[in-house]
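Take a look at the letters that make up each chain.
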Amino acid sequence: MRSEARPSGRMGRRALIGAVAGCAVAGGALTLLPDGDRKAAGPAAGPEARARAAAAGGMPAALPDLAALIADLEPYLRDRPSDGRSWAVLGAAYAERGRRTGGLADYPRAEQALRTSLRVRPRANAEACGGMAALAVARRDFRAARRWAEEAVRLAPRQWTAYPPLIDACDGLGDHRAARRAVDRLLGLRTGSAAALSAARVYGDRRRYEDAAAALSDAAARAEHPAERAVHLLLAGELAWERGERARALRCCTAALDADPGAHAALAARARALAALGRAGDAARAYRAALRRYAAPRYAVELGELYESRGRRDAAAEQYRAARASVAREAAAGVNGALLLGLLEADHGDPERAVRRLRAEWGRQPGLAVADALGWALHRAGRDEEALTYATRATDRTRGGEVRGAPYLFHRGAIEDALGLDGPARRHLTEALRVNPYFSPLHVPQARAVLARLGEPAEEGPA
C-alpha cells in the first residue's frame, strides 16, 4: 500500500443541489387542496392568495407571501381547530419557511400542525401524509419520507404532490429503480414546472445532462414569477458546475440572485463558481453573505476548505467549528446531519469517529452518498480494502452505483492509489478531472499530484 498525505473531502453532488431540489418538494407540499377550494382553506386575500397560486404550480412562494399565508392561517385555525386540511397547509408552509430561511423552530411547528391535521382528520388524509413526507425530506429522514409518501400515493394516486418527496426518499435510500418509476408516474400526472424540475434533478444525478437540460428548459418556459425563475436558474447553474462550466455556472447563479436576492443557495453556488475562476476573495465574501442569511453547515465547510486551500488554517478551523455547531442546532430540530458531519470528521477531525457515524447511517439509509462517504472515512482511517468496497458501490453501475460525479470518482481513485492499483486509480482520477476540473479547491491539486506521480500508462510489448 502507498502512503500519502490524504486529501480532504467535500460533499457529493446531491449536497450541492439539495436546496434546489427542496424547492420543488416543499413547494409541491403546499399544493394540498384542489384548485378553487377556498372555503376549506381559510381566508384568502392579497399575498396569501399569491402564495397559494405559486404553490399550485409546485413552486416556492415569495417569502413575504409565504409569511402572509402563515399569518392568515394561524388565527383562522384558532377559531376553526377541526379544519384538518388547513392544518396540513399550515404545516407544509412552516416546513417550507424553515427550509428556506434556516428558521429551525419551524420544523417542530410543521410537525405539530401536520400531526394535528392527522388527528382531526384521521381517514384518507393524503394532504397531511404528503406534508409529513416533505418535512421528512427536509430533515433528511428518508425512511420516514418514503413511508409517508407511499401512504399519500396510496390514498390519492392521482395527486401529484406526493411524488417529489417520494423520489427524494427513494434516492436517499439507494432504491434508484423506484425513484425512476416515481419520476415516470409524476411526468404522467403533471407537466408543469415542479415535475420538470424533479425530472431534471434525477437526470442530472445520473449525468444524463442532455435530458436534464431539456427538462429544465421545459420548466423555464413555464416560469411566471421571480422565485420560480430563480429555482430554474440555480439548478441550471448547478448542472453547469457539474460539467466544469464555471463561467456559465456563475452567470446562472448571478441571474438567480437577480430574480430572488434572498436566495442563500444561489449565493453559495455563486461562491463555488467564483472560487473555480480563481476569485478567492470574492468567493469568500459570497460564502459569508450566504452564511449570514442561513448558517448552513455545508456552506461553512465549503468556506473552511476554501480558506484551507489558501493556507489560512486558523480561519478554516473556525469554519469547521461553526459547521459542527450548526449541525448540533439542526439536530435539535430533528434534522439528520450524519452525512455531513461524517465527512467533516473524516477530513478535518477524527476518521474513526466518522466511520462509526457513517456505518450507523448506512444501516439506516444505504444510499449512494452514504456509500461514498463511508468509503472515504474508511480510507482516511487506513482501512483501504474495505473502503474500496463502498467506493465501488457508489460509482460502479454494475454494482448499483449510478452517480459518477467528480467527488465520488476522486474518492475512488484516491483509495485505489493507496492500494497500489495504478491503472484504476489513474482512470478514475482522470475521469474526475474530466467531469469537473474545479470540483474542490483541496482535492483537485491532490488529484493532479497523484496523476503526475503515476505518469502515463506503460505501453504493452509485443504479444
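Every value quoted in this text rests on a predicted model; they were computed, and no experiment measured them.

1. Brief notes about the overall build of the protein chain
Across its full length, the protein chain carries 24 helices and zero strands. Counting the 463 residues in the protein chain, one finds 60% classified as buried. Of the contacts made within the protein chain by residues no fewer than 6 positions apart, 62% connect residues no fewer than 24 positions apart. Approximately 18,300 Å² of the protein chain is accessible, and the part contributed by carbon and sulfur atoms is 50%.

2. Regarding the confidence of the model for the protein chain
Per-residue confidence for the protein chain gives a mean pLDDT of 85; residues scoring 70 or more make up 82%. In the model of the protein chain, helix α1 (residues 13-29) stands out as the element of lowest mean pLDDT, 37, in contrast to helix α16 (residues 297-309), which has the highest, 98. In this model, residues 1-29 is a region of pLDDT below 50 whose contacts with residues beyond four sequence positions or in other chains number 111 contacts. Contacts of residues 31-45 to residues separated by more than four positions or lying in other chains number 34 contacts, the stretch itself having pLDDT below 50.

3. Focus on the packing of helix α13 (residues 246-259) against helix α14 (residues 264-276)
Taken N-terminus to C-terminus, the directions of α13 and α14 make an angle of 155°; their axes are 9 Å apart at the nearest point. As judged from the angle between their axes, α13 and α14 are roughly antiparallel. Crossing handedness for the pair α13 and α14: left-handed. For the pair formed by α13 and α14, the contact residues are Arg246, Ala249, Leu250, Cys253, Thr254, Ala256 and Leu257 on the first element and Ala266, Leu267, Ala269, Arg270, Ala273, Leu274 and Ala276 on the second. The class makeup of the residues in the contact of α13 with α14 is 11 nonpolar, one polar and two charged.

4. As for a positive patch on the surface
Side chains of Arg288, Arg292, Arg293 and Arg312 sit close together on the surface and give a patch of like positive charge. By secondary structure assignment, the location of arginine 293 is in helix α15 (residues 280-293). On the accessibility criterion, arginine 293 (40% relative accessible area) is partly exposed.

5. A closer look at the pattern of salt bridges
By the definition in use, this model includes 27 salt bridges. We note a salt bridge from arginine 85 to glutamate 127, for which the minimum N-O separation is 3.7 Å. Here arginine 85 is found in helix α4 (residues 84-101), whereas its partner glutamate 127 is found in helix α6 (residues 126-138), with 42 residues between them in sequence. The exposure class assigned to arginine 85 is partly exposed, which follows from its relative accessible area of 23%.

The rules behind these values
Along every chain, residues carry numbers that run from 1 in the direction the sequence is written. Predicted model: local features are reported for residues with pLDDT of at least 70 only, side-chain atom pairs are reported and counted for 80 or more only, and whole-chain, interface and lining totals are derived from all residues. Computation of side-chain values: all heavy atoms of the structure, hydrogens and water removed. Under the scheme used here, helices are H or I runs from DSSP no shorter than 4 residues and strands are E runs no shorter than 2 residues, and both carry numbers assigned from the N terminus. Exposure is judged per residue with a 1.4 Å probe applied to protein chains only, and the accessible area is read against the type maximum: over 50% gives exposed, under 20% gives buried, and values in between give partly exposed. Two residues qualify as a contact provided that any one of their heavy atoms is within 4.5 Å of a heavy atom in the partner residue. Accessible surface is estimated by sampling points in the Shrake-Rupley manner with a 1.4 Å probe; for residues, cover comes only from the protein chains shown. pLDDT gives the predictor's per-residue confidence on a scale running from 0 to 100. Here an angle of 0 to 180 degrees is reported between the N-to-C directions of two axes, which are lines fitted to C-alpha atoms, with helices fitted over the stretch in contact. In what follows, roughly perpendicular refers to angles from 65 to 115 degrees, roughly parallel to angles under 35, roughly antiparallel to angles over 145, and oblique to any angle outside these ranges. Crossing handedness is read from the near helix: turned anticlockwise from the far helix by less than a right angle, it gives a left-handed crossing, and turned clockwise, a right-handed one. Under the grouping applied here, Gly and all other residues not named as nonpolar or charged are polar, the nonpolar ones being Ala, Val, Leu, Ile, Met, Phe, Trp, Tyr, Cys and Pro and the charged ones Asp, Glu, Lys and Arg. To count toward a patch, a residue needs a relative accessible area above 30% and no salt bridge. Like charges then connect within 9 Å, nonpolar side chains (Val, Leu, Ile, Met, Phe, Trp, Tyr) within 5 Å. Whenever Lys or Arg places a side-chain nitrogen within 4 Å of a carboxyl oxygen from Asp or Glu, that contact is recorded as a salt bridge. In this tally, Lys and Arg are treated as positive and Asp and Glu as negative; His is ignored, and so are the chain termini. A single reference atom marks each charge: NZ on Lys, CZ on Arg, CG on Asp, CD on Glu.

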